[in-house]
Amino acid sequence: MFQALEFCYGKWGLLAISVAQWGFAFGGMVAFAVIVGDSIPPVFHALWPGMREVPVIGWLAGRTGAIVFFCGGISWPLSLYRDISKVCPRASASV
């Protein structure tokens, strides 16, 4: 929380700015999920046309499965790092 915002705009201004920042971040997150859901399943279908009929991994060929796997299983855990350079062993070794 920025104390200067409350000093400049008051309690209601700080609340309005905080809600606007949250809404902007939430909208970006939803847009990312929509892009993943609309782009990844067609790629899987092009690479493996019968993927939907495979019992175990066929759910990845659907929109919901792609969103859950890529946003919840890959993007979210990566966002938990404080220092993203730790993901790349080469970059963290040179620091």
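Here is a short report on the structure shown in this document. As the structure is a prediction and not an experimental result, all values here were calculated from the model. Per-chain numbering applies: the sequence of each chain, read as written, is numbered from 1 onward. Totals for whole chains, interfaces and linings use every residue, but because this is a predicted model, local features are given only for residues with pLDDT of at least 70 and side-chain atom pairs only at 80 or more, for both listing and counting. In computing side-chain properties, one takes all heavy atoms of the structure into account and sets aside hydrogens as well as water.

So, on to the overall build of the chain. Only runs of H or I of at least four residues qualify as helices and only runs of E of at least two qualify as strands under DSSP, and these elements are numbered from the N terminus. A count of helical and extended segments in the chain gives 3 helices and 0 strands. Along the chain direction, N to C, the helices and strands of the chain fall in the order α-α-α. Two things to know: the radius of gyration comes from C-alpha atoms, and the globule rule equals 2.2 Å times the number of residues to the power 0.38. Scaling as 2.2 N^0.38, a compact globule of 95 residues should have a C-alpha radius of gyration of about 12 Å, whereas the chain reaches 20 Å, well beyond that. Across its three principal directions, the C-alpha atoms of the chain cover 60 × 40 × 20 Å. Buried means the residue's accessible area, taken with a 1.4 Å probe over protein chains only, is under 20% of the maximum for its type, while exposed means over 50%, and partly exposed covers the values in between. Classification of the 95 residues of the chain by burial places 16% in the buried group. Two residues form a contact once any of their heavy atoms are found within 4.5 Å. Intrachain contacts of the chain at a sequence separation of at least 6 include 35% that bridge at least 24 residues. Residue burial considers only the protein chains on display, and all accessible areas are found by Shrake-Rupley using a 1.4 Å probe. Carbon and sulfur atoms make up 72% of the accessible area of the chain, which totals about 7500 Å².

Further remarks concern the pattern of salt bridges. When a carboxyl oxygen of Asp or Glu is within 4 Å of a side-chain nitrogen of Lys or Arg, the pair counts as a salt bridge. One pass over the structure, following the stated rule, counts 1 salt bridge. We note a salt bridge from aspartate 38 to arginine 63, for which the minimum N-O separation is 2.9 Å. Pair noted here: aspartate 38 is in helix H1 (residues 3-47) and arginine 63 is in helix H2 (residues 63-79), with a separation of 25 residues, a long-range link.

For patch detection, residues must exceed 30% relative accessible area and be free of salt bridges, and they are connected within 9 Å for like charges or within 5 Å for nonpolar side chains (Val, Leu, Ile, Met, Phe, Trp, Tyr). Together, Trp59, Val68, Phe69, Ile74, Leu78, Tyr81, Ile84 and Val87 line one region of the surface with nonpolar side chains, adding up to about 720 Å² of accessible area. With respect to the helices and strands, valine 87 occurs in the loop between H2 and helix H3 (89-94). On the accessibility criterion, valine 87 (40% relative accessible area) is partly exposed.

Here we take up the packing of aromatic side chains. Each aromatic ring pair is specified by the distance between its two centres and by the angle formed by the two planes. To pair, rings of Phe, Tyr and Trp, with the six-membered ring standing in for Trp, must have centres within 6.5 Å; the planes then decide the type, stacked if under 30 degrees apart, edge-to-face if over 60, and tilted in the middle. Under the definition given, this model contains 4 aromatic pairs. Ring centres of tryptophan 59 and phenylalanine 69 lie 6.4 Å apart, and the angle between their planes is 75°; this geometry places the pair in the edge-to-face category. Residue tryptophan 59 is located in the loop between H1 and H2, and its partner phenylalanine 69 is located in helix H2; the two are separated by 10 residues in the primary sequence. The exposure class of phenylalanine 69 is partly exposed, given its relative accessible area of 34%. Consider the rings of phenylalanine 69 and phenylalanine 70, whose centres lie 5.0 Å apart with planes at 85°: the pair is edge-to-face. Here the aromatic cluster, defined as three or more aromatic residues joined through ring pairs, consists of Phe44, Trp59, Phe69 and Phe70.

Another aspect to go through is the environment of glutamate 53. As for its placement among the helices and strands, glutamate 53 is situated in the loop between H1 and H2. Each C-alpha atom, one on glutamate 53 and one on leucine 78, is 30 Å from the other, the two residues being 25 residues apart in sequence.

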